[in-house]
Number of protein chains: 2
Amino acid sequence: MWPLPRGGYLRALLAGARGAELSAAPRRASGGLSGARDSPAEAGWLRGEVDRFGGVSVRLGALDRLDAAAFQRGLHAAIQQWRSEGRAAVWLHVPILQSRFIAPAAALGFCFHHAEADSSTLTLWLGQGPSRLPGYATHQVGVAGAVFDESTRKILVVQDRNKLKNMWKFPGGLSEPGEDIGDTAVREVFEETGIRSEFRSLLSIRQQHSHPGAFGKSDMYIICRLKPRSFTIELCPHECLRCEWMDLTELAKAANATPVTSRAARLLLYGHREGFEKIDLTMDQLPAVYTGLFYKLYHRELPDSYKMMTGVD
Amino acid sequence: MWPLPRGGYLRALLAGARGAELSAAPRRASGGLSGARDSPAEAGWLRGEVDRFGGVSVRLGALDRLDAAAFQRGLHAAIQQWRSEGRAAVWLHVPILQSRFIAPAAALGFCFHHAEADSSTLTLWLGQGPSRLPGYATHQVGVAGAVFDESTRKILVVQDRNKLKNMWKFPGGLSEPGEDIGDTAVREVFEETGIRSEFRSLLSIRQQHSHPGAFGKSDMYIICRLKPRSFTIELCPHECLRCEWMDLTELAKAANATPVTSRAARLLLYGHREGFEKIDLTMDQLPAVYTGLFYKLYHRELPDSYKMMTGVD
């Protein structure tokens, strides 16, 4: 399935293409910065590579002697040429120290697609109708760890230092780039409370949009069930006002627990009494088709006979 | 829990503050662009607002008569001042047409935090050790719809047009900003196959990192169980090579289905035979504590007695 453009991008691309040859080979360039007579699109600095969706990708190098006005003229001419060839879009990759070229590109209609660290990417949609380019990351992922000790029926809870209301909740925080959900839960629990734990299951997923703490993007908040491996709390005072092992039923009935914490506590109570298999999402590992890497997959427990399709008919 | 800085951000902030007064009030400015003698940090264009985590936020306005070199000198002086005041970080918000100020800021150590549409945000960490600023969105969210017709035991499957291998999978695609998971599934199924459906449950979540189709960010892929409301396929030829209603057992045994599709088919088979309550994650709606908005929450079915804590003790 991935990489795959947003479906509409491809539909618009194919609708707009005027018989242009969509080649995956890099465009040839006449090399280096040239004078006014050369086709700007063939000047080295505007060399574009055609991607397999029919867009043109331009990576700016170190262009210290090129002024912004000359860049804008060249880019303007290149855009006309790409448009006549039926390209769907232009992607412009700009190293941060070459950012004087951003405003000239914006004057020609480019806008930011994304930026991180020392580079930004701008796009210009050339196809029909509104832009159907694939977007960038839209969600932050926050993970909380519900550390439940089955032998004492106690659950580890905290109160934030920084909130207006002192509500009980589970320790947690944003996942690091590249970090798996369960690892975030275990790490955050340890950083905030000093408690060591291990992943047992995924319990719940919450999705919120236009999140104030996510720069207006969306938030995926995932609660995991963890098993404690230590019991002595070492509170991080910068983040937590309080931390304690609370009786699970007490948390499930507490008025000063956030709604999602309350719900998770009640889910855990049900699982504790009727069996965790009733509430858990288990974790499995499968191979990715196109990269050969592995990924984590979460779903309800599936009997081995169904996993293997042995004797199932 | 939100908005909440990454825990380490706050810890480093408090460790580094040298008794600086952390006020939430905007810094006063002496107004307008001024000559060399005025403190640059008090010049109007470098007015910074102190946020509640001790960082300074500067929003650049229309500064058409300010050249990049003067900006860099002023910013350099301001940074010294903010550093002496124990500020943890500087956030610089730059409208795209003012992007000539980005490279000068980068020369002083700023880097991109994020950018979108017509604005970019850069940050400079002033605290101790490596930056502990909260990151930006890290995940794209893709949703697939497994449309299963219980009466015929058939499941709707597609083969992509654009892939190297023709593997059976469920229709799906990236969620739009602000779009709920179930709505994405229903929309994508309709766009690709013409089939109308409705959300029943969440089945599975997959998390992948360094995803090639996600500009190297992470990918959350969620499979939903949908109930069909129409049955006549109207294939979108730009995206799908094939689309059909396949017998579920056949899909569960097919060699040319992606591993995650295969697993989902087997999960569905188990649910079809033993009851969907064994596999479903149900959807509920809860109020957000701080905004009063609602959000969607997914977890295993929880009996009402536990939801309400009536008679549960």
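Position labels on residues start from 1 in each chain and follow its written sequence. Going through the entries in the order they are written, you letter the chains from A and number the ligands from 1. A pLDDT threshold of at least 70 governs which residues receive local features in this predicted model, and a stricter bar of 80 or more applies before side-chain atom pairs are shown or counted, although totals over entire chains, interfaces and linings include all residues. Side-chain metrics in this entry use all non-hydrogen atoms of the structure; hydrogen atoms and water are not considered.

J.: Mind laying out the pattern of salt bridges, listing which residues take part and the relevant values?
T.: When a carboxyl oxygen of Asp or Glu lies within 4 Å of a side-chain nitrogen of Lys or Arg, that pair is called a salt bridge. The final tally for this structure, using the stated rule, is 30 salt bridges over all chains. Measuring nitrogen to oxygen at the nearest pair gives 3.6 Å for the salt bridge that ties Asp160 of chain B to Lys169 of chain B. Buried, partly exposed and exposed residues are distinguished by accessible area as a fraction of the type maximum, computed with a 1.4 Å probe on protein chains only: under 20%, between the cut-offs, and over 50%, respectively. Owing to a relative accessible area of 5%, Asp160 of chain B belongs among the buried residues under this scheme. A salt bridge links Arg229 of chain B to Glu198 of chain B; the shortest N-O distance between them is 2.8 Å. One end of the pair, Arg229 of chain B, is in the loop between β11 (218-228) and β12 (240-247); the other, Glu198 of chain B, is in strand β10 (residues 197-208), and 31 residues separate them in sequence. Within this structure, Glu179, Arg187, Glu188 and Glu191 of chain A form a network of salt bridges that share partners. Counting from the N terminus, the helices are DSSP H or I runs at least four residues long and the strands are E runs at least two residues long.

J.: Summarise the relation of the copies chain B and chain A; cite the residues concerned and give the values.
T.: All copies are superposed by least squares; the fitting set is the C-alpha atoms of residues with a pLDDT of at least 70 in both. Mapping chain B onto chain A leaves a residual RMSD of 0.1 Å; the transformation is a rotation of 180 degrees accompanied by 0.0 Å of translation along its axis. Viewed as a symmetry operation, the transformation between the two copies matches a two-fold axis. When the interface residues of chain B are mapped onto chain A, 100% of them are again interface residues, pointing to one common binding face. Note on contacts: a residue pair is in contact if any heavy atoms of the two residues lie within 4.5 Å.

J.: Can you lay out the domain arrangement of chain A for me, pointing to particular residues and giving the numbers?
T.: Taken domain by domain, chain A holds domain 1 (48-125) and domain 2 (139-278). Segmentation of the chain into domains, including their bounds, is taken from an automatic or database domain assignment. A separation of 44 Å is found between the C-alpha centroids of domain 1 of chain A and domain 2 of chain A.

J.: Run through the nonpolar core, naming residues and quoting values.
T.: Counting 54 residues, the largest nonpolar core has Leu92 of chain A together with Leu75 and Leu92 of chain B as the members making the most contacts within it. Among the elements that take part in this core, helix α2 (residues 68-84) of chain A stands out by supplying six residues, more than any other. Among all residues touching Leu75 of chain B, those that are not within four sequence positions of it are Trp45, Leu46, Trp82, Leu92, Ala105, Leu108 and Phe110 of chain B. Counting residues in hydrophobic clusters, the runner-up holds 42 residues, among them Val189, Ile205 and Tyr298 of chain A together with Trp245 of chain B. Within this scheme, the nonpolar core is defined by two criteria: the residues are buried Ala, Val, Leu, Ile, Met, Phe, Trp, Tyr or Cys, and they are joined through side-chain atoms within 4.5 Å.

J.: Describe the sheet that holds strand β5 (residues 119-125) of chain A, with residues and values.
T.: Residue and element names in this part refer to chain A. The rule for pairing is simple: two strands pair if DSSP sees at least two bridges between them. Sheet architecture is open: five strands sit in the order β1-β2-β3-β5-β4, paired in mixed fashion. Each of the sheet's edge strands pairs with one partner strand only, and the pair in question is β1 (48-50) and β4 (111-116). Between one strand axis and the next, the sheet turns through 20 degrees on average, direction left out of account. Relative to β5, β4 is paired through five bridges, and the arrangement is antiparallel. Across the sheet, Phe112 pairs through a bridge with Leu122, a residue of β5. Axis definition: a line fitted to C-alpha atoms, over the contacting stretch in the case of helices. Angles run 0 to 180 degrees between N-to-C directions. Its contacts with the sheet place α2 against β2 (56-59), β3 (89-95) and β5, and it is angled at close to 150 degrees to β3.

J.: If you had to explain the side chain of Ser99 of chain A to someone new, which residues and values would you point to?
T.: Looking at the element boundaries, Ser99 of chain A is found in the loop between β3 and α3 (102-107). Ser99 of chain A gets classed as buried once you look at its relative accessible area, which sits at 0%. A polar contact of 2.6 Å, which involves the side chain of Ser99 of chain A, links it to the backbone oxygen of Ile96 of chain A. Setting aside its immediate chain neighbours within four residues, Ser99 of chain A contacts Val94 of chain A together with Ser99, Ile102, Ala103 and Phe112 of chain B. Polar contacts, as counted here, are pairs of nitrogen or oxygen atoms within 3.5 Å of one another; within protein the pair requires one atom able to donate a hydrogen and one able to accept it, and residues that are adjacent in sequence qualify only if both atoms are side-chain atoms.

J.: Could you give an account of the sheet that holds strand β4 (residues 111-116) of chain B, naming the residues involved and the relevant values?
T.: Residue and element names in this part refer to chain B. Spatial ordering of the open sheet is given by β1-β2-β3-β5-β4, a layout of five strands whose pairing is mixed. Bordering the open sheet on either side are β1 (48-50) and β4, each of which pairs with just one other strand. Looking at each pair of strands side by side, their axes are set apart by 20 degrees on average, direction ignored. With three bridges joining them, β1 and strand β2 (residues 56-59) adopt antiparallel strand pairing. When the bridges of β2 are listed, Glu49 appears paired with Ser57. Contacting β2, β3 (89-95) and β5 (119-125), helix α2 (residues 68-84) runs over the sheet at an angle of about 150 degrees to β3.

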